[in-house]
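Examination of the molecular architecture
Listed here are the chains, written in short residue letters.
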Amino acid sequence: MDYHRKTCESEELYSGTDKDAMIVRFEKNGETQMTEFLVTHFIKNHEAVEKVSVRTAYGVLASVVGIFCNVFLFGMKLILGLVLHSVSVTADAFNNLSDAGSSIISFIGVKMAEKPADEEHPFGHGRMEYIAALIVAFLVMEVGFTFLKDSFSKIWHPETLHFQAISITILLLSIGVKLWLGVFNRKLGEKIQSKVMMAVFADSMGDVITTSATILSLIVYGLTGVNIDAFVGLGVALVVMWAGFSIAKDTLEPLIGEAVDPEIYEKIKKYVEKYEGIVGTHDLIVHNYGPNRSMASIHAEVPNDVNIETSHEIIDRIEREAMEELGIFLVIHMDPIETKDQQVLMIRGQVEELLKKLDPDSSIHDLRVVNGEEQINIIFDMVVPFRYSDEVKERLQYELIDGLQKIDPRYQCVITVEHSYVSAQEAETPKMGENEK
Ligand SMILES: [Zn+2]
Ligand SMILES: [Zn+2]
């Protein structure tokens, strides 16, 4: 979800130049066939992207192709540089050799992420992939920074440009290879939701932009004799640094711990609620330990008049089957809930209805009723969005209590306010008690 948004963002980055148009044209040609050829020939079972072994195969393919492309460019430019006695072409060759670095890092990351869980890392090594992506992001920033430095020094000490057909040819060849490599990584990255491949995509596009800028200033110089090299470089450097920064931000999110994707939230919730004997769920928390490796906890509501051993048996079965079917290590906490007592059902209905009117973005769960001599105590948890300030939370509680006391002055509320772990959760009232299985 979030992933896709980020992808679009980095694409926007490159509009302004004619990169988007280039990518589109590129994809319509033989490039798609080439990607399909590589995927079908080198990845066994390539549709089963949720399997760790298949993911790894994708990662290995992408990095090997990346290493190959860069080493190819290196060899080509080195030979040309030596034959032509051109220092700049030779230097450019070594630049490509260092570009192979991000592919090597991605290869190591993918390989390390594949390692199964062990004594020291019982949650597996899936997060290694995020760390690899972070390192590539820093490499992208470094490219931008170097370009920035060079551009500044060119502003103070302008260099004479040499408009040579051979250097333009080499630069164009570089752009072609890098463009293909970038699109290839983006395709595979989208397919297996890989942050490191999206980082390599941005890395390649950074190279495409910097090289295009060099060609542009060479052409402008050739036609008009005006040297715009340094100023074009300055703008390009900032764009590339920003691209690196946004990848770093994007890959840091799962490392810091991010909110549950609403889609995954719904999937787990529905999965647990489909079992006979589970009345409802709330308080889902998901911890991500790398692509396709998650640990989660959820509260399951069970009728309070069912034997605790019976409910526990169901819950144990759900935990086991969630592991087998969803690949999620799920821990379920059991909440007994009233399903028959008319007074409790009525009060729960009143609270839910009132809250829905006051604030449809909030919800309640775990409601209990304790009858006292002169008062009726209503105890429940209220889930509010993260964005609410303490003031808003307090006012909402006050209005809720006030409204309930207007219904029945004996009502006394004990409210625990909590936050949801789902990102921008759809407003949803937990269907407690009466939902049909
Ligand atoms: Zn609960
Ligand atoms: Zn148990």
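This one's a predicted model, so the numbers in the text were calculated from it and none came from an experiment.

**Some points on the overall build of the protein chain**
Secondary structure assignment for the protein chain yields 12 helices and 6 strands. For the protein chain, buried positions account for 44% of its 437 residues. For the protein chain, the proportion of contacts with a sequence separation of at least 24, taken over those separated by at least 6, is 71%.

**What about the pattern of salt bridges?**
Tallied over the full model, the rule gives 12 salt bridges. One salt bridge connects Arg387 with Asp361, and the closest N-O pair in it is separated by 2.8 Å. Residue Arg387 is found in the loop between β5 (376–384) and α12 (390–407), and its partner Asp361 is found in the loop between α11 (342–358) and β4 (363–371); the two are separated by 26 residues along the sequence.

**Describing the packing of helix α5 (residues 128–156) against helix α8 (residues 229–256)**
Running from N to C, α5 and α8 point in directions that differ by 160°, and their axes come no closer than 8 Å. When the interaxial angle is binned, α5 and α8 end up roughly antiparallel. In this structure, the crossing between α5 and α8 has a hand that is left-handed. Here the contact of α5 with α8 is built from residues that sort into 27 nonpolar, 5 polar and 2 charged.

**A word on the sheet that holds strand β6 (residues 411–419)**
With mixed pairing, 3 strands are arranged side by side in an open sheet as β4-β5-β6. Edge positions in the sheet fall to β4 and β6, since each has one partner strand and no second. Shown here is a sheet whose adjacent strand axes are inclined to one another by a mean of 15°, direction ignored. Relative to β4, α11 is tilted by about 140°, and along the sheet it contacts β4, β5 and β6. Against the sheet, α12 engages β5 and β6, with an angle of about 150° to β6.

**Focus: the environment of Ser174**
Of note, Ser174 is situated in helix α6 (residues 165–192). Here Ser174 falls in the buried class, since its relative accessible area comes to 4%. Each C-alpha atom of the pair Ser174 and Ser212 lies 9.6 Å from the other, and the pair is 38 residues apart in sequence. Not counting the four nearest positions on each side in its chain, Ser174 is found in contact with Leu73, Lys77, Asn96 and Thr211.

**Things to note about the side chain of Ser204**
Among the structural elements, Ser204 can be located in helix α7 (residues 195–224). A residue is classified by how much of its surface remains accessible, and Ser204, at 2% relative accessible area, is buried.

**Side note on the sheet that holds strand β1 (residues 280–288)**
Note: strands within a sheet are paired through backbone hydrogen bonds, in either parallel or antiparallel orientation. Across the sheet, which stays open at both edges, the 3 strands sit in the order β1-β2-β3 with mixed pairing between neighbours. Looking at strand neighbours, the two that pair on one side only are β1 and β3 (328–337), the edges of this open sheet. Shown here is a sheet whose adjacent strand axes are inclined to one another by a mean of 15°, direction ignored. Where β1 and strand β2 (residues 294–303) come together, 7 bridges link them in antiparallel fashion. Paired with Ile285 across the two strands is Ser297, which belongs to β2.

**Quick word on α7**
When the terminal C-alpha atoms of α7 are compared, their 43 Å separation across 30 residues agrees well with the 44 Å that a helix rising 1.5 Å per residue should span. Judged by how many residues are buried, α7 sits mostly within the fold: 22 of 30 residues are covered. Capping the start of α7 is the job of one residue whose side-chain oxygen sits 3.4 Å from the backbone nitrogen of Val196: Ser194. Taken from the residues just after α7, Gly225 is the one with a positive phi, measuring 80°.

**Here's the deal with the UniProt feature "transmembrane region" (unreviewed entry) in the protein chain**
Per the UniProt record, "transmembrane region" (unreviewed entry) is annotated on residues 57–80, 130–148, 160–184, 196–224 and 230–248. Each end of residues 57–80 is marked by a C-alpha atom, and these two atoms are 34 Å apart; helix forms 100% of the span and strand 0%. Spanning residues 130–148, this segment combines 100% helix with 0% strand, and its end C-alpha atoms are found 27 Å apart.

**Section: α5**
Compared with the 42 Å implied by 1.5 Å per residue over 29 residues, the 43 Å span of α5 between its first and last C-alpha is a close match. Along α5, the residues that are buried comprise Glu129, Tyr130, Ala132, Ala133, Leu134, Val136, Ala137, Val140, Met141, Gly144, Leu148 and Ser151.

**Comments concerning the coordination of the zinc ion (ligand 1)**
Protein ligation of the zinc ion (ligand 1) involves His282 (NE2), His299 (ND1), Asp335 (OD) and Asp366 (OD), the donor distances falling in the range 2.0 to 2.2 Å. If you look at the zinc ion (ligand 1), its 4 donor atoms make angles of 88 to 158° with each other, and the shape they trace is irregular. Mapping the donors of the zinc ion (ligand 1) onto the primary sequence gives the spacing H-x16-H-x35-D-x30-D. Note that His282 is positioned in strand β1 and Asp335 in strand β3, a separation of 53 residues in sequence.

**Things to note about unusual backbone geometry**
A positive phi is found at Gln193, a non-glycine position, where the angle reads about 55°. The exposure class assigned to Gln193 is partly exposed, which follows from its relative accessible area of 43%. Not every positive phi belongs to a glycine, and Asp283 is a case in point at roughly 55°. Positionally, Asp283 belongs in strand β1. For Asp283, a relative accessible area of 22% puts it in the partly exposed group.

**What about the packing of α6 against α7?**
Packed helix pairs are specified by the crossing angle of their axes together with the interaxial distance, meaning the distance between the axes. For the pair α6 and α7, the least separation of the axes is 8 Å and the interaxial angle reads 155°. Relative to α7, α6 is oriented roughly antiparallel. Two packed elements cross with a definite hand, and for α6 against α7 that hand is left-handed.

**Thoughts on a nonpolar patch on the surface**
On the surface, Ile79, Val83, Leu84 and Ile166 cluster together to form a nonpolar patch covering roughly 350 Å² of accessible area. The greatest single-element share of the nonpolar patch, amounting to 3 residues, is contributed by helix α3 (residues 52–84). Of note, Ile166 is situated in helix α6.

Reading guide: rules and limits
Residues numbered from 1 in each chain as written. Chains lettered and ligands numbered in written order. Predicted model: local features only at pLDDT ≥ 70, side-chain atom pairs only at ≥ 80, totals over all residues. Heavy atoms only, no water. Helix = DSSP H or I, 4+ residues; strand = E, 2+ residues; numbered from the N terminus. Buried < 20%, exposed > 50% of the residue type's maximum accessible area, 1.4 Å probe, protein only. Contact = heavy atoms within 4.5 Å. Salt bridge = Lys/Arg side-chain N within 4 Å of Asp/Glu carboxyl O. Axes fitted to C-alpha atoms, helices over the stretch in contact; angles between N-to-C directions. Parallel < 35°, antiparallel > 145°, perpendicular 65-115°, else oblique. Left-handed = near helix turned anticlockwise from the far one by under 90°. Nonpolar A, V, L, I, M, F, W, Y, C, P; charged D, E, K, R; others polar. Pairing = 2+ DSSP bridges. Expected span 1.5 Å × (residues − 1). Polar contact = N/O pair within 3.5 Å; in protein donor to acceptor, adjacent residues only side chain to side chain. UniProt positions renumbered as here; feature names shortened; annotations may be inferred. Donors = N, O, S within 2.8 Å, 3.2 Å for Na, K, Ca; no water. Tetrahedral: all angles 85-135°; square planar, octahedral: opposite > 155°, others 65-115°. Patch = residues over 30% accessible without salt bridge, like charges linked within 9 Å, V, L, I, M, F, W, Y side chains within 5 Å. Areas by Shrake-Rupley, 256 points an atom, 1.4 Å probe, with all protein chains shown as cover.

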